[in-house]
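# An overview of the molecular structure
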Amino acid sequence: MNLRFTPSVRTVFVTMLATLAAGGLGLRAAMRSLDVYLKKEPVAMRADFGSIPATLGRWQKMGDDQVLDAAMVESLGTEKYLTRTYALDGDASKGMVSLHLAYYTGTIDAVPHIPERCWGAGGLVQLGQPATLPMPLPILAAPPADAPKNLATGKPYPMAMLVDPVTNAEERVALLVGDFAMTVTIFQNPHESRVEQVGAYTFIANGRCTPSTTGVRTLAFNLGDRYAYYCKLQLSARYPMGDAPSTTAFKAQAEDFLTQLLPQLMRRLPDWPSVERAGPGGQTARN
């Protein structure tokens with residue numbers, strides 16, 4: 001059956017289509033003029049996670065980095081990851097920390113795997129609810145007077161000085177703006193009733209950090225940011241059950257480890273102050 005419309009109806013229909021098209025173009029133009037970006041562009045890492053030193057202060061790498069198969073990489077959602085174990089003074093009896101990093105950029109989709117969602121599927125039993133554990137790292141406490149400021153908060157970036165072990169060249173690295181904390185959950189393997197496993201994570205996104213899976217969306221999807229990235233930083237450790245909570249021992253070891261790790265990690269993530277200085281039309285952050 002053929003439908004025929006009167007000229008007046010066709011005119012109204014064409015006018016409506018033109019209005020919608022003009023409105024869409026006008027909306028995009030308005031967003032560009034206001035520096036609003038609904039679709040985020042990717043920003044490249046400065047170096048691979050694998051280049052993080054095997055020795056971080058007193059912490060020394062143990063064994064080889066874990067290599068995931070294709071199915072696990074697809075599940076992880078990124079090929080930019082690192083899973084590595086460090087031991088204090090290279091002695092597992094003094095303490096071991098397993099480090100997992102995963103990098104995401106561009107469009108912010110699903111938040112990556114976290115212990116309370118995934119470890120249970122691996123047979124571990126969760127003991128209690130996740131808790132936020134503040135970690136007041138000294139390296140984040142006193143930004144220098146000439147430090148660049150984070151545009152989203154107006155706060156200056158803490159800075160760290162790294163020295164190249166080969167050339168002895170010094171490089172100043174911007175760290176994280178804001179308080180550092182991790183979400184911590186305790187697990188137990190039913191076959192190891194006297195051992196507790198601590199899983200802790202936080203997210204680094206666009207120069208700031210948050211221990212929250214919802215918070216990372218807020219940081220990485222700021223409408224004023226043309227580019228977006230976030231990095232999951234996860235630590236895990238095992239402790240024998242005793243009178244003191246596992247989180248007490250974990251907090252002490254994690255703070256020491258993170259103090260050594262963060263400057264090296266931030267050197268490999270995008271230099272967010274430079275991305276901010278480039279402005280909406282800048283090329284600094286492009287892959």
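Conventions we followed
All residue numbers refer to positions counted from 1 along the written sequence of the respective chain. Where totals are concerned, whole chains, interfaces and linings use all residues; where local detail is concerned, this predicted model gives features only for residues with pLDDT of at least 70, and gives and counts side-chain atom pairs only at 80 or more. Excluded from the side-chain calculations are hydrogens and water; all other atoms, namely the structure's heavy atoms, are used. The aromatic pairing rule takes the rings of Phe, Tyr and Trp, using the six-membered ring of Trp, and pairs them if the centres are within 6.5 Å, calling planes under 30 degrees apart stacked, those over 60 edge-to-face and the rest tilted. Only DSSP runs of H or I reaching four residues or more are called helices, and only runs of E reaching two or more are called strands; each is numbered from the N terminus. Burial here depends on accessible area, computed with a 1.4 Å probe over protein chains only, as a share of the maximum for the residue type. Under 20% is buried, over 50% is exposed, and the range in between is partly exposed. Any two strands with at least two DSSP bridges between them are considered paired. We call a set of buried residues a nonpolar core when its members are Ala, Val, Leu, Ile, Met, Phe, Trp, Tyr or Cys and they connect through side-chain atoms within 4.5 Å of each other. In this description, contact between two residues means that some pair of their heavy atoms is separated by no more than 4.5 Å. A carboxyl oxygen of Asp or Glu within 4 Å of a side-chain nitrogen of Lys or Arg is what we treat as a salt bridge. The directions from the helix axis to the C-beta atoms are what the arc is built from. Confidence of the predictor at the level of single residues is given by pLDDT, which spans 0 to 100.

## Focus: the packing of aromatic side chains
The full count for this structure, using the stated rule, is 8 aromatic pairs. Here tyrosine 103 and tyrosine 229 contribute two aromatic rings whose centre-to-centre distance is 5.7 Å and whose plane-to-plane angle is 25°, an arrangement assigned as stacked. You can see tyrosine 103 sitting in strand 4 (residues 96-105) and its partner tyrosine 229 sitting in strand 11 (residues 229-240), a full 126 residues away along the chain. For tyrosine 229, a relative accessible area of 0% gives the class buried. A centroid spacing of 4.9 Å and a plane angle of 55° characterise the contact between tryptophan 119 and phenylalanine 187, whose relative ring orientation is tilted. Within this pair, whereas tryptophan 119 is found in the loop between helix 3 (115-118) and strand 5 (125-134), its partner phenylalanine 187 is found in strand 8 (residues 181-188), the two being separated by 68 residues in sequence. For tryptophan 119, a relative accessible area of 15% translates into the label buried. Here phenylalanine 187 falls in the buried class, since its relative accessible area comes to 1%.

## Examining the pairing of strand 11
Of all 12 residues that make up strand 11, 10 are buried, and the element is covered over most of its length. Where strand 4 and strand 11 come together, 8 bridges link them in antiparallel fashion. Bridging across to strand 11, leucine 101 finds its partner in leucine 233. The pairing of strand 9 (residues 195-205) with strand 11 spans 11 bridges and is antiparallel. Residue pairing in the sheet places threonine 202 in a bridge with leucine 233 of strand 11.

## Notes on the nonpolar core
Counting residues in hydrophobic clusters, the biggest one holds 53 residues, and the most contacted among them are Ile204, Leu233, Phe250 and Leu265. The element best represented in this core is helix 5 (residues 246-268), accounting for 8 residues. Excluding residues within four positions of it along the chain, phenylalanine 250 makes contact with Leu133, Met135, Val184, Val198, Ala200, Leu235, Ala237 and Tyr239. The next biggest cluster of nonpolar side chains, apart from the first, holds 14 residues, and it includes Leu68, Val73, Phe203 and Tyr230.

## Overview of the pattern of salt bridges
Tallying each qualifying case throughout the model produces 9 salt bridges. Residue arginine 58 is joined to aspartate 89 by a salt bridge in which the shortest nitrogen-to-oxygen separation is 2.5 Å. With arginine 58 in the loop between strand 1 (55-56) and strand 2 (59-62) and aspartate 89 in the loop between strand 3 (81-88) and strand 4, the pair connects residues that are 31 residues apart, well separated along the chain. Two residues, arginine 172 and aspartate 146, come together in a salt bridge whose shortest N-O distance is 3.0 Å. A residue pair is termed long-range when its members are at least 10 positions apart, and arginine 172 in strand 7 (residues 170-174) and aspartate 146 in the loop between strand 5 and strand 6 (159-163) qualify at 26 residues. A relative accessible area of 37% places arginine 172 in the partly exposed class. Given the relative accessible area of 53%, aspartate 146 is considered exposed. Overlapping salt bridges bring together Arg58, Asp89 and Lys94 as one network.

## Some words on helix 4 (residues 213-220)
For helix 4, the set of buried residues is Thr213, Gly215, Val216, Leu219 and Ala220. The buried residues of helix 4 occupy an angular sector of 150° when projected down its axis, which confines them to one face. Opposite the buried face of helix 4, at more than 90 degrees from it, the exposed residues are Thr214 and Thr218. On its buried face, helix 4 is in contact with helix 3, strand 9, strand 10 (208-210) and strand 11.

## Observations concerning the confidence of the model for the protein chain
Taken residue by residue, the protein chain gives an average pLDDT of 84. The fraction at 70 or more is 80%. Confidence drops under a pLDDT of 50 for residues 21-37, and excluding neighbours within four residues, the segment shows 11 contacts in the predicted structure. Confidence drops under pLDDT 50 across residues 281-287; counting only partners more than four residues distant or on other chains, this segment forms 18 contacts.

## Comments concerning the environment of threonine 218
Structurally, threonine 218 is set in helix 4. With 13 residues separating them along the chain, threonine 218 and alanine 205 place their C-alpha atoms 9.2 Å apart.

## Description of the pairing of strand 4
Within strand 4, 7 of the 10 residues are buried, leaving the element largely enclosed by the surrounding structure. Relative to strand 4, strand 3 is paired through 7 bridges, and the arrangement is antiparallel. Within strand 4, the residue paired with tyrosine 86 across the bridge is valine 97.

## Observations concerning the side chain of asparagine 150
Note that asparagine 150 resides in the loop between strand 5 and strand 6. Apart from the residues within four sequence positions on either side, asparagine 150 is in contact with Lys155, Tyr157, Val177, Asn206, Arg208, Trp272 and Glu276.

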